[in-house]
Amino acid sequence: MNITERQQAIIAEFAALSEWEDRYRRIIEYGRDLPAMDPAHKTDKNQVKGCQSVVWLHAELKDGAVVYSGDSDAMIVRGLIALLLKVYSGATPADVLATPPDFINATGLASHLSQTRANGLAAMVKQIRLYALAFQALAGRR
Amino acid sequence: MRQPAQTAGSTPDALDVQSVRADFPILSRTVHGKPLVYLDNGASTQKPQAVIDAVRRFYEHDYANIHRAVHELSQAATEAYENARRTVQRFLRAESEQEIVFVRGTTEGINLVAGSWGRANLGPGDEVLITAMEHHSNIVPWQMLCAERGARLVVAPMDQTGALIWPEFEKRLNSRTKLLGVVHVSNALGTVNPVRRMADAAHAVGARVLVDGAQAVAHAQVDVNALGADFYVFSGHKIFGPTGVGVLWGKADLLEAMPPWQGGGDMIRSVSFEKTEYAPAPAKFEAGTPHIAGGIGLAAALDYVTALGLPAIAAWEHELVRYAHERLAEIPGLRFIGTAPRKAAVVSFVLDGIHATDAGMILDQEGIAVRAGHHCAEPVMRFFGVPGTIRASFAFYNTRDEVDALVAGVRKVQKLFA
């Protein structure tokens with residue numbers, strides 16, 4: 001699946017859940033299933049500012065693709081990280097930058113999760129794009 | 001002004017909560033399709049119609065700058081603002097209106113005392129004593145002052161219930177202690193500190209006493225002289241008034257001896273390029289155009305609270321906190337943080353295996369507004385070994401039904417995370 005198909009799959013998955021309780025339960029499941037982050041990457045530098053819970057995001061470039069990892073001490077935030085990683089991890093920097101996180105609105109998550117400090121969603125999206133931008137700039141310089 | 005409703009009958013002073021709720025327009029709205037259950041009064045309180053009307057009437061009818069012009073509007077505005085000062089004076093049982101300094105809020109009040117009194121009176125080796133349950137706003141200004149003056153910040157510890165450990169407090173008072181900064185009611189825990197006893201002990205070693213009243217004034221009658229304080233600060237928005245206005249009360253002789261803090265208009269007697277003479281307190285500390293409408297709104301809020309009666313408010317909130325503890329205690333996996341014998345209007349707790357932020361987000365879906373996090377009191381959270389708590393903080397307009405809604409909400413949180 002390419003980045004667009006992955007995003008569409010998430011939208012379809014959440015569209016099938018009509019109650020907010022079910023959508024939250026699914027996010028929580030995603031949070032529980034998020035692979036553990038390498039503790040070595042849980043550094044101050046990788047902390048996303050602007051979240052009320054502690055959030056780490058790390059990225060490295062592997063074979064031209066951005067591989068993200070992340071973690072949070074709050075489970076719903078972990079679930080949001082898992083969804084973002086499902087869409088963006090493994091994509092090229094150009095694809096990351098060309099793909100806005102439409103699923104946040106399309107899944108109806110936006111009406112429940114205001115993009116404020118409370119869950120840091122906006123800050124996480126920004127950080128994901130910043131990593132891609134940095135890798136792109138780096139590639140351009142070589 | 002619309003007077004708040006009270007019940008008649010055998011308990012004439014008891015609150016009629018349903019009538020009181022009708023005074024607060026926002027309480028009838030819904031959140032995510034559910035009736036709003038507002039339990040975040042420790043962060044900020046909602047505004048009664050009387051306050052909204054007072055601010056609106058002022059802007060529609062009497063607005064102009066104060067203390068400056070001879071025209072009718074300016075005189076009316078000045079009179080309204082100075083009347084507000086007298087309302088605050090009566091509310092705090094202060095001896096004179098000269099002791100009432102309008103500030104932006106509690107934080108600015110503390111910074112003013114640190115920046116003016118502190119700079120003038122603190123030197124190398126001196127100590128500022130605070131408690132382990134202070135809000136960041138009663139920690140950071142003293143840290144900054146101590147760093148600048150070569151003084152030392154000393155912290156009196158609390159026990160596992162969140163109460164001050166008296167012998168440890170006494171041990172930290174000595175001839176080097178120049179100021180005691182203490183929170184009247186802890187925002188994170190609800191602990192009510194024995195301020196009078198602490199102030200007496202501090203005065204005995206020659207220290208001055210600043211009391212952070214942000215979480216106290218809306219919940220019990222405060223008499224600044226009976227408390228034994230030298231400075232008392234609070235914010236308007238935590239007592240049903242506007243944001244951006246607050247009060248620093250200081251003893252007249254202290255304020256008189258203190259140097260100005262900020263320079264500008266309104267705080268001077270005469271200005272030349274060679275020398276400026278300052279106005280007496282409180283004008284000396286009120287440089288620039290103040291939040292005039294805020295002061296007027298605050299006075300309306302204090303009038304409202306006074307008409308309801310702080311004893312009746314305290315009694316109802318005591319019952320709410322008791323009921324909340326009783327109901328929440330039924331929930332397995334819930335642990336209270338802050339169980340001091342004397343508590344006011346705050347119930348803080350954690351849930352086994354569930355982050356406070358997660359719980360806060362689910363409760364929000366149920367229309368329940370609580371604070372989930374560290375409550376700007378990170379040292380308190382560290383002491384209890386939790387990243388944050390869920391805090392329900394009450395006002396007199398809260399009901400038992402809302403406590404029930406909170407309990408149901410918490411059970412739902414646990415179900416979703418099961």
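Residues numbered from 1 in each chain as written. Chains lettered and ligands numbered in written order. Predicted model: local features only at pLDDT ≥ 70, side-chain atom pairs only at ≥ 80, totals over all residues. Heavy atoms only, no water.

Looking only at helices and strands, chain B features 14 helices and 17 strands. The C-alpha radius of gyration computed for chain B amounts to 22 Å, which stays within 12% of the reference 22 Å derived for 418 residues, consistent with globular compactness. Over its C-alpha atoms, taken along the principal directions, chain B stretches across nearly 75 × 55 × 40 Å. With 418 residues in all, chain B has 57% of them scored as buried. Sequence-distant contacts, at least 24 apart, represent 71% of the contacts inside chain B between residues at least 6 apart. A total of about 16500 Å² of accessible surface is found on chain B, and carbon and sulfur atoms cover 53% of it. When the 40 basic and 44 acidic side-chain charges of chain B are each reduced to a single mean position, those positions are 4 Å apart. (Helix = DSSP H or I, 4+ residues; strand = E, 2+ residues; numbered from the N terminus. Rg over C-alpha atoms; globule rule 2.2 N^0.38 Å. Buried < 20%, exposed > 50% of the residue type's maximum accessible area, 1.4 Å probe, protein only. Contact = heavy atoms within 4.5 Å. Areas by Shrake-Rupley, 256 points an atom, 1.4 Å probe, with all protein chains shown as cover. Lys, Arg positive; Asp, Glu negative; His and termini not counted. Charge placed at Lys NZ, Arg CZ, Asp CG, Glu CD.)

Okay, the sheet that holds strand β13 (residues 334–336) of chain B next. Residue and element names in this part refer to chain B. The four strands lie next to each other as β13-β14-β17-β16, forming an open sheet whose pairing is antiparallel. Unpaired on one side and paired on the other, β13 and β16 (371–373) mark the two borders of the sheet. Within the sheet, the average angular offset between the axes of one strand and its neighbour, ignoring direction, is 30°. Where strand β14 (residues 346–351) lies against strand β17 (residues 389–393), four bridges are found, and the strand directions are antiparallel. When the bridges of β17 are listed, V347 appears paired with A392. Lying on the sheet, helix α11 (residues 310–328) is in contact with β13 and β14; it crosses β14 at an angle near 15°. (Pairing = 2+ DSSP bridges. Axes fitted to C-alpha atoms, helices over the stretch in contact; angles between N-to-C directions.)

Further remarks concern the interface of chain B and chain A. Accessible area lost upon the coming together of the parts is a frequently used measure of interface size. In this complex, chain B contributes 17 residues to the contact, which on the side of chain A involves 18 residues. Approximately 1400 Å² of surface area, both sides summed, lies buried where chain B meets chain A, with 58% of it carried by carbon and sulfur atoms. It is B:M361, B:Q365 and B:L416 in chain B that bury the most area against chain A; as a group they hold 41% of the surface buried on that side. Inspection of the chain B/chain A interface yields one salt bridge. Among the elements of the structure, α12 (356–365) and α14 (400–416) of chain B are those that each provide at least two residues to the side of chain B that touches chain A. Per-element tally for the side of chain B that touches chain A: the top contributor is α12(B), with six residues. Of the residues that constitute the side of chain B that touches chain A, the class distribution is seven nonpolar, four polar and six charged. (Buried area = accessible area lost by both parts, 1.4 Å probe. Salt bridge = Lys/Arg side-chain N within 4 Å of Asp/Glu carboxyl O. Nonpolar A, V, L, I, M, F, W, Y, C, P; charged D, E, K, R; others polar.)

Strand pairing in a sheet relies on backbone hydrogen bonds. The paired strands run either parallel or antiparallel. Residues and elements named next belong to chain B. Read from one edge of the open sheet, seven strands run β4-β10-β9-β8-β7-β5-β6, paired in mixed fashion. The open sheet terminates on both sides in strands that have one partner only, identified here as β4 (100–103) and β6 (152–156). Ignoring which end each strand starts from, the neighbouring axes of this sheet average 20° apart. In the sheet, strand β5 (residues 127–131) pairs with strand β7 (residues 177–183) via four bridges, with the strands oriented parallel. Within β7, the position partnered with L129 by the bridge is L180. Docked against the sheet, helix α3 (residues 72–91) engages β4, β9 (231–235) and β10 (246–250), running at close to 115° with respect to β4.

This brings us to the domain arrangement of chain B. All names here are of chain B. Domain parsing of chain B yields domain 1 (12–47 + 309–417) and domain 2 (53–306). Counting residues at the interface gives 40 residues for domain 1, matched by 37 residues for domain 2. Between domain 1 and domain 2 the total buried area reaches about 2900 Å² when both faces are included, carbon and sulfur atoms providing 59% of it. For the pair domain 1 and domain 2, the number of links is 21 residue pairs in polar contact (both at pLDDT 80 or more). (Domains from an automatic or database assignment. Polar contact = N/O pair within 3.5 Å; in protein donor to acceptor, adjacent residues only side chain to side chain.)

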